[in-house]
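# Understanding the architecture of this molecule
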Amino acid sequence: MPHDHHDHDHLSPSGHPYRKDQDHPLSYWQTMEIAVRELLVEKGVTSDAEIMAQIDRMDARSPADGARVVARAWTDPEFKARLLADASAASREMGFDIGALRLIAVENTAQVHNVIVCTLCSCYPRNLLGLPPDWYKQRAYRSRVVREPRKVLREFGLELPDDVTVRIHDSTADMRYIVLPRRPDGTEGMDEAALAALVTRDAMIGVGVARMPG
Amino acid sequence: MPERVRVSRRMPPGHVRAPAYLRGKTGVVERALGRFANPEQLAYGLPAGKEPLYRVRFTMAEVWGAAAERPDDTIDAEIFAHWLTPVTERQDAP
C-alpha cells in the first residue's frame, strides 16, 4: 500500500492530498479592497477594463525581460556603463515599459557577489522582472539573508569562495535592484539571444549565478 | 552629507522605512539618491515633504557584532537623511 489507511480521507483517488480551497469568509482587507475598487469604478476614476489591462501588463512581464538587459550588458560595454549609471534609463532604451521603476544594477565580479532582499516587505523590480517568487516575500528569506547570507546561498546551491565579498542590498525605500551576474566562461562566441537564455531569475536576485552553456 | 553616518536609535510608531535592525548602527554613504517623499507622511495620505535619501553601507561586523557570519560582508540600505547623523571620528557602537 502506498499510503496509510487513516490518510485516505485526505487523499484524492490519485493518492495526492487535496489542496484546501478558500472557503473562509473574506478578510477585513479583502472586503476593503473590493469596496474601494467598486467605488473607484462607480465614480469613473478607473474602469474594470483599465484594471484588467494593468493586470495583463504585469503578467506579461517576466525574468526574460531582465535577462535580455543582462545579455546586452555582457555584449556591449557602452550599454553596460549606461546600465550601471542608470538602470532605469538603460531598460527604457531597450524598449521595456517599466513605468516609474527606479532601478539600480549591481555588478558581480570575481571579488564581489550581490544579493537583493526587501526586509521590510516585498519590494522587487516587478516592472522589469514580473512578480517575485513566493520565497522572496517570506519572512525566512527576508530575515535570514541579511544575517547569514552565505548559509542561505548554500541552501540555494551556491557556494561562494572565501575571497568573495557578499553585498546584501536591502530595498528599504524608493530604489529597486537587479544583479548583473558574471558572464559564464566559454560563452565568447554566443550571440545576445543565446546569452539571455543563460540568465535566470535567481541570478538576477543574486541567489544563483548564470547557467553554464551547453 | 559626511561619509560616515549613524542611524538614529529612536523607535517611533508608524510607517518608518529605516529598518529596526540598522538603528544605532554606523555606516558609510555609498551614494546620494536625490530627494523622495517622506514615507512617514506619505503612508497616511498626508502632505509629504521631499527628503534626501542615501544608500548607506554597513559591515556585518557593525550590524551583528561577534555573531556576524563574515565580518567584512556588507549590507546596503536606503536611509532618509532625517534618520542619519554625521560621525566625525570612528566610534565603536556601545
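These figures come from a predicted structure and were not determined experimentally.

## Remarks on the domain arrangement of chain A
- As assigned here, chain A comprises domain 1 (5-58) and domain 2 (62-205).
- A separation of 30 Å is found between the C-alpha centroids of domain 1 of chain A and domain 2 of chain A.

## Brief notes about the pattern of salt bridges
Residue and element names in this part refer to chain B.
- Per the stated rule, a full pass over the model turns up 17 salt bridges over all chains.
- One salt bridge connects arginine 31 with glutamate 30, and the closest N-O pair in it is separated by 2.9 Å.
- Arginine 31 sits in the partly exposed class, given a relative accessible area of 26%.
- The closest approach of N and O atoms between arginine 70 and aspartate 72, which form a salt bridge, is 3.5 Å.
- Each of Glu30, Arg31, Arg55, Arg57 and Asp76 takes part in a single network of salt bridges with overlapping partners.

## As for the interface of chain B and chain A
- On the side of chain A, 27 residues touch chain B, which itself brings 23 residues to the contact.
- With both chains or domains summed, chain B and chain A bury close to 2200 Å², and 46% of this area falls on carbon and sulfur atoms.
- Together, Arg17, Glu69 and Glu78 of chain B form the three largest contributors to the area buried by chain B at its contact with chain A, with a combined 29%.
- Inspection of the region where chain B meets chain A yields 20 residue pairs in polar contact (both at pLDDT 80 or more).
- Sorting the residues of the side of chain B that touches chain A by element identifies strand E2 (26-37), strand E3 (50-59), helix H2 (60-64) and strand E4 (74-80) of chain B as the ones contributing at least two each.

## Side note on the packing of aromatic side chains
All names here are of chain A.
- With the rule as written, the count across this model stands at 8 aromatic pairs over all chains.
- Ring geometry for tyrosine 28 versus tryptophan 29: centroids 4.9 Å apart, planes at 90°, classification edge-to-face.
- Taking the relative accessible area as the measure of exposure, tyrosine 28 reaches 56% and is therefore exposed.
- Between tyrosine 124 and tyrosine 136, the aromatic rings sit 5.0 Å apart at their centres with planes inclined by 65°, giving edge-to-face as the arrangement. Residue tyrosine 124 is found in the loop between strand E2 (112-117) and helix H6 (126-129), and its partner tyrosine 136 is found in helix H7 (residues 134-137); the two are separated by 12 residues along the sequence.
- Classification of tyrosine 136 by relative accessible area gives buried; the value is 0%.
- Counting every residue linked through ring pairs, the aromatic cluster contains Tyr124, Trp135, Tyr136, Tyr141 and Phe156.

## Quick look at the packing of helix H3 (residues 63-75) of chain A against helix H4 (residues 77-85) of chain A
All names here are of chain A.
- Two elements in contact, H3 and H4, have axes separated by 5 Å at closest approach and are oriented at 125°. Put simply, H3 runs oblique to H4. Considering how the two elements wind past one another, H3 and H4 form a crossing that is left-handed. Of the residues in H4, those touching H3 at Val69, Arg72, Ala73 and Thr75 are Pro77, Phe79, Lys80 and Leu83.
- Along the lines of polarity and charge, the residues of the contact of H3 with H4 split into 5 nonpolar, 1 polar and 2 charged.

## Notes on the sheet that holds strand E3 (residues 165-170) of chain A
- Read across the sheet, 7 strands follow the order E2(A)-E3(A)-E4(B)-E3(B)-E2(B)-E1(B)-E5(B) without closing on themselves; strand pairing throughout is mixed. Each having just a single partner strand, E2 of chain A together with strand E5 (84-86) of chain B make up the two edges of the open sheet. Taking the axes of each pair of neighbouring strands and ignoring which way they run, one obtains an average angle of 35° across the sheet.
- With 7 bridges connecting them, E3 of chain B and E4 of chain B associate as antiparallel partners. Opposite threonine 59 of chain B, over in E4 of chain B, you have threonine 74 of chain B as the bridge partner.

## Some remarks on the pairing of strand E1 (residues 4-7) of chain B
Residue and element names in this part refer to chain B.
- Burial of the side chains of E1 is restricted to one face: Val5 and Val7 are buried, whereas none of Arg4 and Arg6 on the reverse face is.
- With 3 bridges connecting them, E1 and E2 associate as antiparallel partners. Counterpart to valine 5 in the pairing with E2 is glycine 27.
- Across 3 bridges, E1 lies against E5 in antiparallel orientation. Along E5, the bridge assignment pairs valine 5 with proline 86.

## Details of a nonpolar patch on the surface
All names here are of chain A.
- A surface patch of nonpolar side chains, amounting to about 640 Å² of accessible area, comprises Tyr28, Trp29, Met32, Val36, Leu40 and Val45.
- Looking at the secondary structure, you find valine 45 in the loop between helix H1 (28-42) and helix H2 (48-60).
- For valine 45, a relative accessible area of 58% translates into the label exposed.

The rules behind the values
- Residues numbered from 1 in each chain as written.
- Chains lettered and ligands numbered in written order.
- Predicted model: local features only at pLDDT ≥ 70, side-chain atom pairs only at ≥ 80, totals over all residues.
- Heavy atoms only, no water.
- Domains from an automatic or database assignment.
- Salt bridge = Lys/Arg side-chain N within 4 Å of Asp/Glu carboxyl O.
- Buried < 20%, exposed > 50% of the residue type's maximum accessible area, 1.4 Å probe, protein only.
- Contact = heavy atoms within 4.5 Å.
- Buried area = accessible area lost by both parts, 1.4 Å probe.
- Polar contact = N/O pair within 3.5 Å; in protein donor to acceptor, adjacent residues only side chain to side chain.
- Helix = DSSP H or I, 4+ residues; strand = E, 2+ residues; numbered from the N terminus.
- Phe/Tyr/Trp six-rings, centres within 6.5 Å; stacked < 30°, edge-to-face > 60°.
- Axes fitted to C-alpha atoms, helices over the stretch in contact; angles between N-to-C directions.
- Parallel < 35°, antiparallel > 145°, perpendicular 65-115°, else oblique.
- Left-handed = near helix turned anticlockwise from the far one by under 90°.
- Nonpolar A, V, L, I, M, F, W, Y, C, P; charged D, E, K, R; others polar.
- Pairing = 2+ DSSP bridges.
- Patch = residues over 30% accessible without salt bridge, like charges linked within 9 Å, V, L, I, M, F, W, Y side chains within 5 Å.
- Areas by Shrake-Rupley, 256 points an atom, 1.4 Å probe, with all protein chains shown as cover.

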